[in-house]
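Working through the structure, step by step
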Amino acid sequence: MSNYIIGIDGGGTKTLGVLWDQNGNELKRYQTGFSSFVIDDALTRKHLEDTIENLKEGIEGNFTIIMGVAGYSVLKDETEYVKYLEEKYNATVKITSDGYLALYSVVENPEEPVIMIIGGTGSIVYSLVDEKVEKMGGFGHLLGDEGSAYHLVIESFKYMVKYYEAHGYLDHFGQEMFRRLNIEKLDDLKPLVYGVNKSNIARHAINVSSIAEQGNKVAIDLLKTEGESLAIQVINMYNKIKVDERVILALRGGFLNNVSYVKNSLIDTLNQHNINYVVDVNNNEPIMGAYYLALRSINSKWKEEQ
């Protein structure tokens with residue numbers, strides 16, 4: 001019977017699943033809504049299970065399923081849920097965090113220290129040194145998430161409120177944001193924030209980026225500040241792991257990689273400090289971490305059976 005690997009990368013915006021055969025050939029992929037145990041536990045489980053069912057449909061074999069899911073740290077019934085999934089899908093199942101998944105996507109067999117920073121809907125920093133994983137940030141949108149699309153939008157909205165209340169009118173940045181958001185007064189910002197999930201707030205980051213591309217200094221400064229915040233987290237992690245050799249710096253997340261002002265600000269700030277690093281050029285999809293982790297699990301099982 002053939003062996004298959006299913007990898008699932010669940011984040012605050014979307015859930016991506018990939019099916020590989022035992023030789024590492026991608027056979028199928030499936031994408032659905034967010035997966036975050038912090039945002040909505042029940043809906044997250046539904047999206048995860050929908051993904052598994054779509055990828056397994058019509059295929060018989062032995063399955064190893066590796067899932068990296070946002071908000072993993074708040075999952076209280078991990079053992080019970082894994083057992084439920086294993087029985088339901090007749091598979092070996094492991095759940096970890098989406099950041100851990102992305103961390104192992106950097107290199108298949110990490111020999112050099114790795115620092116990975118994720119700047120997407122939220123933000124978090126991981127390090128991998130001698131198979132030991134450290135984490136900084138990742139406290140969610142109420143306690144942190146500096147350097148993320150969500151944090152940028154909230155800071156932008158706060159800026160508009162403070163400017164208007166201080167001057168009695170909106171500056172050019174505020175006017176442009178109002179036009180793009182299709183709102184007419186400050187109170188119209190409230191429905192965009194309260195009672196809305198994190199990913200729906202973060203999607204407004206594209207408006208700030210668009211205004212920045214027109215040369216607006218306020219928008220540019222807001223974006224640069226997010227990049228500087230990410231750099232500070234990297235510097236703190238670098239000081240924590242205390243390594244002498246060069247570290248591989250992996251940049252992950254659409255917000256960080258797709259918004260030049262954020263990425264350039266991060267790099268510029270790091271270059272002002274004494275950090276020996278090289279940027280990861282492979283830029284594998286985070287989902288590849290599931291494949292590499294599954295191989296480790298499978299190979300370990302085979303060794304135990306020999």
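Residues numbered from 1 in each chain as written. Predicted model: local features only at pLDDT ≥ 70, side-chain atom pairs only at ≥ 80, totals over all residues. Heavy atoms only, no water.

Positive phi, normally seen in glycine, also occurs at Asn182, with a value near 60°. By the secondary structure assignment, Asn182 is in the loop between helix H5 (172-181) and helix H6 (190-193). Its relative accessible area of 71% is what places Asn182 among the exposed residues. With a phi angle near 50°, Lys242 is a residue other than glycine that sits in the positive phi range. Mapped onto the secondary structure, Lys242 falls in the loop between helix H9 (217-241) and strand S9 (247-252). We classify Lys242 as exposed; its relative accessible area is 69%. (Helix = DSSP H or I, 4+ residues; strand = E, 2+ residues; numbered from the N terminus. Buried < 20%, exposed > 50% of the residue type's maximum accessible area, 1.4 Å probe, protein only.)

Now for the packing of aromatic side chains. Tallying each qualifying case throughout the model produces 8 aromatic pairs. When the centroid spacing of 5.2 Å and the interplanar angle of 50° are considered together, the rings of Trp20 and Tyr291 count as tilted. Residue Trp20 is found in strand S2 (residues 15-21), and its partner Tyr291 is found in helix H12 (residues 288-305); the two are separated by 271 residues along the sequence. By relative accessible area, Tyr291 is classed as buried at 10%. (Phe/Tyr/Trp six-rings, centres within 6.5 Å; stacked < 30°, edge-to-face > 60°.)

What follows covers the sheet that holds strand S5 (residues 91-96). Ordered in space as S3-S2-S1-S4-S5, the 5 strands form an open sheet in which the pairing is mixed. A strand with exactly one partner marks an edge of an open sheet, and here the two such strands are strand S3 (26-32) and S5. With strand direction ignored, the average angle separating the axes of adjacent strands in the sheet is 15°. As paired strands, S2 and S3 are joined by 6 bridges and run antiparallel to one another. Considered in S3, the bridge of Leu19 is made with Lys28. Against the sheet, helix H1 (residues 41-56) contacts strand S1 (3-10), S2, S3 and strand S4 (62-69), and its axis sits at roughly 150° relative to S3. Along the sheet, helix H2 (residues 78-89) contacts S4 and S5; its crossing angle with S5, the most-contacted strand, is approximately 150°. (Pairing = 2+ DSSP bridges. Axes fitted to C-alpha atoms, helices over the stretch in contact; angles between N-to-C directions. Contact = heavy atoms within 4.5 Å.)

The next point concerns the confidence of the model for the protein chain. Do not read the fine detail of predicted coordinates wherever pLDDT is low. The predicted model of the protein chain has a mean per-residue pLDDT of 90, with 96% of residues at 70 or higher. H5 holds the highest mean pLDDT among the elements of the protein chain, 98, whereas H12 holds the lowest, 69. (pLDDT = per-residue confidence, 0-100.)

A word on the sheet that holds strand S6 (residues 114-119). What the 5 strands build is an open sheet, ordered S8-S7-S6-S9-S10; its pairing is mixed. Strands at the two margins of the open sheet, each flanked by one partner only, are strand S8 (132-137) and strand S10 (277-279). On average, each strand axis in the sheet is tilted by 20° relative to the strand beside it, whichever way the strands run. Inspection of the sheet shows S9 paired to S10 by 3 bridges, in the parallel sense. When the bridges of S10 are listed, Leu249 appears paired with Val279. Sitting on the sheet, H9 touches S6, strand S7 (123-129), S8 and S9, and the angle it makes with S8 is about 145°. Across the face of the sheet, helix H11 (residues 260-271) comes into contact with S6, S9 and S10 while running at roughly 165° to S10.

What follows is about the pattern of salt bridges. Going through the model one piece at a time under the given rule, you end up with 18 salt bridges. For Lys88, the salt bridge is made with Glu49, and the minimal N-O distance between the two is 3.0 Å. Here Glu49 lies in helix H1 and Lys88 lies in helix H2, a separation of 39 residues in the sequence. Assessed through its relative accessible area of 41%, Lys88 is described here as partly exposed. Notably, a salt bridge pairs Lys88 with Glu53, separated by 3.4 Å at the nearest N-O pair. Here Glu53 lies in helix H1 and Lys88 lies in helix H2, a separation of 35 residues in the sequence. (Salt bridge = Lys/Arg side-chain N within 4 Å of Asp/Glu carboxyl O.)

Now for the nonpolar core. Residues Ile115, Phe157, Leu266 and Leu270 are the most contacted members of the largest nonpolar core, which totals 52 residues. Tallying contributions element by element places H9 first for this core, with 11 residues. Apart from the residues lying within four places of it in its own chain, the contact partners of Phe157 are Met177, Leu181, Leu189, Leu192, Val193 and His204. (Core = buried A, V, L, I, M, F, W, Y, C linked by side-chain atoms within 4.5 Å.)

Below, the discussion takes up a nonpolar patch on the surface. Residues Phe139, Leu142 and Leu143 make up a contiguous nonpolar surface patch of about 420 Å² in total accessible area. When you line up the elements, Phe139 lands in the loop between S8 and helix H4 (149-167). (Patch = residues over 30% accessible without salt bridge, like charges linked within 9 Å, V, L, I, M, F, W, Y side chains within 5 Å. Areas by Shrake-Rupley, 256 points an atom, 1.4 Å probe, with all protein chains shown as cover.)

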